[in-house]
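Inside the fold
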Amino acid sequence: MKDKRKYIIVFIILAIYLLIVFLFNGKNIIRENFDSSYMMISPSTQWKFSKGNWTSVTNVVEYSMKSFKTYVNSKPFGNYNVTYNDKFYLFDDKRNSTHYNGKLLALRGTVPIDVIDFKEETIEISMPIIKEVLLERKIKASLETIRARKIEIDLDNDKEKEQIYTIYNVFNAKEGENSFAVIFIVNDNKKEYIYEKIEKYENTLTMCTPYIQNIIDIDKNKKYEIIMGCEYFSNNGTCHNLYNNNTKKYESIIRNC
């Protein structure tokens, strides 16, 4: 009888321990073993989440003609079957093709993801922050060759808006100057550079023009991820980079080139 009681007590302690472990880590356990999702980004990026990691899709058959939630220019576009052949195509349930005009983001799977609408504005090149960046990064460039844009958004749910700046002179640089592109975030008056490439004028064709494609909220935890796009010259393609801030700073977790 005593032995039986001892086993019951051990079982209860073990059950309580497993319950505590699951309460603190259950989400990660489910995520790493059961969750899977697909993310398609125009013009050609194909990613999937499986076993706790984002990777590139190597076989279109995995998702072809399956239903996705689609967004164009960060706005809901509807549920469509998606396939890829040099570009993404959308079809309704009757297999009628649907045209879209803008930046496509298509999502499918068990990972909860919100797509955040945002506004981007062109800013004056004479703004002090642009001169600060040129000095900090030792960039030699004429102001008239620079293009600059800004997004104001609360990225980390602290009730205060951060600023995302995209500044570049790619394909506008003059001989003897730098060809450069930077994206940085200003939070509490501190800059965090998430993308930075600075080259000599002669290497301009190795550069790409950066832009913010999407801002999303993976897991709906109000800590937003950023999808950056970067277009290369002519038919050299477009890169995408997915950044998260799980470590209190933005880090790239997957890129497609």
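Refer to the preceding data block for the structure.
Given the structure is predicted, the values throughout are model-derived calculations rather than measurements.

Let us look at the overall build of the protein chain. Summing up its helical and strand segments, the protein chain has 2 helices and 18 strands in all. A burial count over the protein chain gives 43% of its 257 residues as buried. Partitioning the contacts of the protein chain with sequence separation of at least 6, the portion at a separation of at least 24 is 50%. Total accessible area on the protein chain stands at roughly 15200 Å², and carbon and sulfur atoms take up 51% of it.

Here we come to the pattern of salt bridges. Scanning the entire structure with this criterion turns up 10 salt bridges. Taking the shortest distance from any N to any O, the salt bridge between Arg149 and Glu120 comes out at 3.4 Å. Placement of Arg149 in strand β11 (residues 147-153) and of Glu120 in strand β10 (residues 120-122) is noted, with a sequence separation of 29 residues between them. Owing to a relative accessible area of 34%, Glu120 belongs among the partly exposed residues under this scheme. A salt bridge links Glu196 to Arg137; its shortest N-O distance comes to 2.8 Å. Linking Glu196 in strand β14 (residues 190-200) with Arg137 in the loop between α2 (128-136) and β11, this pair joins segments that are 59 residues apart in sequence. The class of Glu196 is partly exposed, set by a relative accessible area of 34%. Here the residues in one salt-bridge network are Glu121, Lys150 and Glu152, joined through shared partners.

To continue, consider the nonpolar core. Judged by nonpolar contacts, the single largest core of 24 residues is most densely connected at Ile153, Ile164, Ile215 and Ile226. Contributions of two or more residues to this core are made by β11, β12 (162-168), β13 (178-187), β14, β15 (208-218), β16 (225-232) and β17 (238-244). Ile130, Val133, Tyr165 and Phe180 belong to the second largest nonpolar core, which has 17 residues in total.

An α-helical turn contains 3.6 residues, so a residue and the one three or four places further along point in the same direction. Of all the residues in α2, the buried ones are Ile129, Ile130, Val133 and Leu134. Burial along α2 is one-sided: seen end-on, the buried residues are contained in an arc of 140°. In this structure, α2 carries Pro128 and Leu135 as exposed residues pointing more than 90 degrees from its buried face. On its buried side, α2 packs onto β11, β12, β13 and β14. The first or second residue beyond α2 is Lys138, which carries a positive phi of 55°.

Take the state of the cysteines next. As used in these notes, a disulfide is a covalent bond between sulfur atoms, one from each of two cysteines. Summed over all chains, the structure comprises 1 disulfide. Covalently, Cys208 is tied to Cys230 through a disulfide, its sulfur atoms 2.0 Å apart. Looking down the S-S bond of the Cys208 and Cys230 bridge, the torsion is 90°, so its handedness is right-handed. Of this pair, Cys208 sits in strand β15 while Cys230 sits in strand β16, placing them 22 residues apart in sequence. The class of Cys230 is buried, set by a relative accessible area of 1%.

Moving on, we get to the environment of Tyr168. Within the secondary structure, Tyr168 sits in strand β12. Judged by relative accessible area, Tyr168 falls into the buried class, the value being 10%. A sequence separation of 43 residues divides Tyr168 from Tyr211, and the C-alpha atoms of the two residues are 9.8 Å apart. Setting aside residues up to four positions removed in sequence, Tyr168 forms contacts with Thr145, Ile146, Arg147, Arg149, Phe180, Ala181, Thr209 and Pro210. Here Arg149 takes part through its side chain, which lies 3.1 Å from a polar atom of the side chain of Tyr168.

Where strand β1 (residues 36-41) meets strand β2 (residues 45-50), 6 bridges bridge the pair, whose relative direction is antiparallel. Residue pairing across strands places Ser37 opposite Phe49, the latter belonging to β2. Note: β2 against strand β3 (residues 53-56), 4 bridges, orientation antiparallel. Residue Phe49 lies in a different strand from β3, and its bridge partner there is Trp54. Adjacent in sequence and paired antiparallel, β2 and β3 are bridged by 2 residues, among which Lys51 carries a positive phi angle near 55°.

The next thing to look at is the pairing of strand β4 (residues 66-72). Summarising the sheet, β4 and strand β5 (residues 75-84) pair through 7 bridges and their orientation is antiparallel. Directly across from Thr70, in β5, lies its bridge partner Gly78. Connecting β4 to the next strand, β5, in antiparallel fashion are 2 residues, including Asn73 with a positive phi near 55°. Looking at chain direction, β4 and strand β8 (residues 104-109) are connected through 4 bridges and run antiparallel. If you follow Lys69 over to β8, its bridge partner there is Leu107.

Rules and cut-offs
Residues numbered from 1 in each chain as written. Predicted model: local features only at pLDDT ≥ 70, side-chain atom pairs only at ≥ 80, totals over all residues. Heavy atoms only, no water. Helix = DSSP H or I, 4+ residues; strand = E, 2+ residues; numbered from the N terminus. Buried < 20%, exposed > 50% of the residue type's maximum accessible area, 1.4 Å probe, protein only. Contact = heavy atoms within 4.5 Å. Areas by Shrake-Rupley, 256 points an atom, 1.4 Å probe, with all protein chains shown as cover. Salt bridge = Lys/Arg side-chain N within 4 Å of Asp/Glu carboxyl O. Core = buried A, V, L, I, M, F, W, Y, C linked by side-chain atoms within 4.5 Å. Arc of directions from axis to C-beta. Disulfide = S-S within 2.5 Å. Polar contact = N/O pair within 3.5 Å; in protein donor to acceptor, adjacent residues only side chain to side chain. Pairing = 2+ DSSP bridges.

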